[in-house]
Amino acid sequence: MGKLLKLFIVVIVVFGLVSCGKKHKNNQNDNITKRENLNVNSKTNTENLLLANKIANEQDTFSLVEMKLNLKLNSSQQNLSLSGNMRIAYDSIIWMNFSMMGIEGARAKLTPDSVFFIVPIKKLYFKGSYSYLKNIFPLDVDFYTVQNLFLDRFFIFPKNDFSLLEKYFNADKQNDILKIVSDENYEKNFLVTQDVSINTQNNKVLTNLLSMPSQKRSLEINYSSFTESSSHVLPFNIEFKTGDAVISIVYSKVVYGKKTTYPFKIPANYTPISTK
């Protein structure tokens, strides 16, 4: 597999979309971000968890959004800069393409049950379900997780079940920042941990740390440069960190509510990407 193709695949993997690699093995040298311990009394914790539920129920909603973006990947092995477009029909489709020097290098389309991916410059494609991703990606991802990460929405990983807040999470509020941290029983039951920081002034996530301690793997997402457009607030800077890889996304233009298309076709002469 060519170097450029591998770079595109790395980008997609970090976002939890698709990969052509083998199952991850435990690696003692993998970087995992340290978690924060919260010490709060029962009454304060209950009040803060009620606030977290309120934020979850009052999150910004929209049906269509389109972004132009610039993306940079930095790791110990490779550096890469791409431009791209992303189109999201909420709870239905995530479509994106990436280009380098004006040449399209990759295009992806996600639906709630399927993943499609082509690499035109190599005439390769992938199509399959999220079950394959769960076998190779260190975190249990699905369509809704990817959507929430790109749109900076507060969610409970991996089930997105806010009823779990009261049973498995602690919360503390300092000034305008609400911190929400899963407890040890959550890790025992779901094999993952989650730490979230939310700005209560705009109800937007600032940091979301998703970890699988048994695999020594974590994905940290940081959001900044919040911009309001058409009564919606979205971070124009997003940073993904996993291992020694950092992917930075800068949205240069965001449009809401505009009807668009999601062009995706796998040419007959393309070869499937091996999943073995």
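The residue numbering used here restarts from 1 in each chain and proceeds along that chain's sequence as written. Only residues with pLDDT of 70 or above have their local features reported here, since the model is predicted, and side-chain atom pairs are shown and tallied only from 80 upward, although totals for entire chains, interfaces and linings are computed over all residues. Just so you know, side-chain values use all the structure's heavy atoms and leave hydrogens and water out.

Asker: Which parts of the structure should I look at to understand the overall build of the protein chain?
Answerer: Segments assigned H or I by DSSP are reported as helices when at least four residues long, segments assigned E as strands when at least two residues long, and all are numbered from the N terminus. Broken down by element type, the protein chain carries 6 helices and 14 strands. Relative accessibility thresholds used throughout: buried, under 20% of the residue-type maximum; exposed, over 50%; partly exposed, between the two (1.4 Å probe, protein chains only). Taken across its 276 residues, the protein chain has 49% of its residues classed as buried. Contacts are assigned to residue pairs with any non-hydrogen atoms lying within 4.5 Å of each other. Sequence-distant contacts in the protein chain: of pairs separated by 6 or more residues, those separated by 24 or more amount to 53%. The method behind every accessible area is Shrake-Rupley, applied with a 1.4 Å probe, and residues are considered shielded solely by the protein chains displayed. With an accessible surface of roughly 13600 Å², the protein chain has 46% of that area assigned to carbon and sulfur atoms.

Asker: Help me out: how do you make sense of the packing of aromatic side chains in this one?
Answerer: Two measures describe an aromatic ring pair: the distance that separates the ring centres and the angle between the ring planes. Any pair of Phe, Tyr and Trp rings, taking the six-membered ring for Trp, is counted once the centres come within 6.5 Å. Such a pair is stacked with planes under 30 degrees apart, edge-to-face with planes over 60 apart, and tilted for the rest. Following the criterion strictly, the structure yields 11 aromatic pairs and no others. Between phenylalanine 62 and tyrosine 256, the aromatic rings sit 5.2 Å apart at their centres with planes inclined by 70°, giving edge-to-face as the arrangement. Of this pair, phenylalanine 62 sits in the loop between α2 (42-57) and β1 (64-74) while tyrosine 256 sits in strand β13 (residues 245-256), placing them 194 residues apart in sequence. Overall, tyrosine 256 belongs to the buried group, its relative accessible area being 13%. Pairwise contacts between aromatic rings join Tyr168, Phe169, Tyr186 and Phe190 into one cluster. Think of it as a cone above the ring: NZ of Lys or CZ of Arg counts as a charge over the ring if it is within 6 Å of the ring centre and within 35 degrees of the ring normal. Sitting over the ring of tryptophan 95, arginine 87 keeps its end group 4.4 Å from the ring centre.

Asker: It is not clear to me how the pattern of salt bridges should be interpreted in this structure. Could you clarify?
Answerer: Once their charged atoms are close, side chains differing in charge can pair, the charge on each being opposite to the other. A carboxyl oxygen of Asp or Glu within 4 Å of a side-chain nitrogen of Lys or Arg is what we treat as a salt bridge. Taken as a whole and judged by the stated rule, the model has 4 salt bridges. Between glutamate 66 and arginine 87 there is a salt bridge, with its nearest N and O atoms 3.3 Å apart. Residue glutamate 66 is found in strand β1, and its partner arginine 87 is found in strand β2 (residues 79-89); the two are separated by 21 residues along the sequence. Judged by its relative accessible area of 19%, glutamate 66 is buried. For glutamate 104, the salt bridge identified is with arginine 107, shortest N-O distance 2.8 Å. When its relative accessible area of 19% is taken as the criterion, arginine 107 is described as buried.

Asker: I tried to follow the side chain of arginine 153 on my own but got confused; where do I start?
Answerer: You can see arginine 153 is positioned in the loop between α4 (143-151) and α5 (164-168). Charged residues are defined narrowly, with Lys and Arg counted positive, Asp and Glu counted negative, and His plus the chain ends left uncounted. Within the buried set, arginine 153 has no salt-bridge partner at all; the shortest N-O distance to an opposite charge, 6.4 Å, is to aspartate 60. The term polar contact refers here to a pair of N or O atoms within 3.5 Å; inside protein, the definition further demands a hydrogen-donor-capable atom paired with an acceptor-capable atom, and it admits residues adjacent in sequence only when both atoms are side-chain atoms. Polar side-chain contacts of arginine 153 include one of 2.4 Å to the backbone oxygen of aspartate 60. Excluding anything up to four places from it in sequence, arginine 153 contacts Gln59, Asp60, Tyr90, Asn148 and Val205.

Asker: Just to check I follow, could you spell out the confidence of the model for the protein chain for this structure?
Answerer: Interpreting fine coordinate detail is not advised for predicted regions of low pLDDT. On a scale of 0 to 100, pLDDT captures the predictor's confidence in every residue. Of the residues in the protein chain, 83% have a pLDDT of 70 or more, and the chain-wide mean is 83. Contacts from residues 1-5, a stretch scored under 50 in pLDDT, to residues over four places away or in other chains number 10 contacts. The low-confidence segment residues 13-29, where pLDDT is below 50, has 55 contacts with residues more than four positions distant or belonging to other chains.

Asker: Even after reading the chapter, I still don't get the pairing of β1, so can you show me in this structure?
Answerer: Put simply, side chains in a regular strand alternate between the two faces of the sheet. At least two bridges found by DSSP between two strands is the condition for calling them paired. The pairing of β1 with β2 spans 11 bridges and is antiparallel. From the neighbouring strand, leucine 73 faces β2, where its bridge partner is leucine 80. Taking the residues that link successive antiparallel strands as the turn, the β1-β2 hairpin has 4 residues. Sheet analysis places β1 next to β13, joined by 10 bridges and oriented antiparallel. Looking at β13, one finds that asparagine 74 is bridged to valine 246.

Asker: Just to check I follow, could you spell out unusual backbone geometry for this structure?
Answerer: Negative phi is the rule for most residues except glycine; trans is the rule for most peptide bonds. Here phenylalanine 157 and proline 158 are connected by a cis peptide whose omega angle stands at 0°. Even without a glycine there, the phi angle at aspartate 152 is positive, about 55°. Inspection of the secondary structure puts aspartate 152 in the loop between α4 and α5. Taking relative accessible area as the criterion, aspartate 152 reaches 1% and is therefore assigned buried. At asparagine 203, a residue that is not glycine, the phi angle is positive and equals roughly 60°. Positionally, asparagine 203 belongs in the loop between β9 (193-199) and β10 (204-212).

Asker: I tried to follow α2 on my own but got confused; where do I start?
Answerer: In an α-helix there are 3.6 residues to a turn, and that puts residues three or four apart on one side. For α2, which comprises 16 residues, the first-to-last C-alpha distance of 23 Å matches the rise-based estimate of 22 Å (1.5 Å per residue) to within 8%. Within α2, burial applies to Asn45, Asn48, Leu49, Ala52, Ile55 and Ala56. The buried side chains of α2 occupy one side of the element, clustering within an arc of 115° when seen end-on. Counted as exposed and oriented over 90 degrees from the buried face of α2: Lys43, Leu50 and Asn57. Each element contacted by the buried residues of α2 is listed here: α5, β7 (169-174), β8 (177-182) and β9. Helix span, as expected, comes to 1.5 Å for every residue beyond the first. Think of the arc as the fan of directions from the helix axis to the C-beta atoms.

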